[in-house]
Amino acid sequence: MSRKYMNDRWCVRCGRTDPTPYLKKYAHLLLGNDINRILDLGCGNGRNTLHLRQLGAIVVAVDACPNVTDVQVCTLGHDCLPCPMTWATGILANYVLMFLDKDELAQVCREMKSVAAPGCRLMVELYPAKDSHCPTEGHLKLLEDRIFAELGRNFVRRSKNRFILQLC
């Protein structure tokens with residue numbers, strides 16, 4: 001485990017340096033606008049932020065415990081997201097939402113809706129982390145259902161524990 005994450009939880013993936021394979025493969029579905037303004041929630045060491053910037057996106061990266069430069073400090077589920085309303089054309093939430101409890105998730109979903117520009121897409125990756133609120137596949141399914149209930153089911157792409165939504 002490389003560093004403390006949020007809510008006294010740990011993320012074992014934060015030590016990796018390459019962008020996630022799902023993001024590499026489907027970045028074009030998250031991007032695609034003339035101007036791409038991406039909010040990277042729980043950016044960790046910035047591996048996905050850097051990749052998106054290399055693709056030409058403007059990225060606001062947030063994390064509770066930033067360990068790279070140019071990251072906004074934000075405790076998801078408690079703080080307001082550091083973006084203007086309707087700013088984000090894309091939101092990246094890779095390997096972070098399973099660390100939020102029910103109330104924190106509801107607050108983050110409200111915040112995502114407020115910063116999302118019309119047509120904004122949300123890319124989510126989840127995994128059953130033993131030290132999270134979703135230690136099993138069953139818990140992840142319930143989490144996905146909560147996310148869909150809050151943000152809609154307008155899928156651009158969906159596979160096991162990974163999806164891209166067009167936000168309503």
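This write-up is about the structure you can find in this document. (Residues numbered from 1 in each chain as written. Predicted model: local features only at pLDDT ≥ 70, side-chain atom pairs only at ≥ 80, totals over all residues. Heavy atoms only, no water.)

The next point concerns helix α4 (residues 137-151). The first and last C-alpha atoms of α4 sit 21 Å apart over 15 residues, in line with the 21 Å expected at 1.5 Å per residue. When α4 is considered as a whole, its buried residues turn out to be Leu140, Leu143, Glu144, Ile147, Phe148 and Leu151. Take α4 and look down its axis: the buried residues cluster within an arc of 135°, on one side only. Those residues of α4 hidden inside the fold are in contact with α3 (102-115), β5 (116-125), β6 (155-159) and β7 (162-166). Backbone geometry just downstream of α4 places glycine 152 in the positive-phi region, at approximately 105°. (Helix = DSSP H or I, 4+ residues; strand = E, 2+ residues; numbered from the N terminus. Expected span 1.5 Å × (residues − 1). Buried < 20%, exposed > 50% of the residue type's maximum accessible area, 1.4 Å probe, protein only. Arc of directions from axis to C-beta. Contact = heavy atoms within 4.5 Å.)

Moving on: the nonpolar core. Here is a general trend for soluble globular proteins: nonpolar side chains tend to be buried in one another's company. Formed by 39 residues in total, the largest nonpolar core has its most connected members in Leu39, Leu41, Ile91 and Leu97. Broken down by secondary-structure element, the contributors of at least two residues to this core are β1 (37-41), β2 (58-63), β4 (88-94), α3, β5, α4 and β7. Leave out the neighbours within four places in its chain, and leucine 39 touches Val60, Val62, Leu81, Cys83, Trp87, Ala88, Gly90, Ile91, Leu92 and Val115. Core analysis: the next-biggest nonpolar cluster, separate from the first, contains 14 residues, Tyr26, Leu30, Val59 and Leu92 among them. (Core = buried A, V, L, I, M, F, W, Y, C linked by side-chain atoms within 4.5 Å.)

Function cannot be read off these values alone, since they describe shape.
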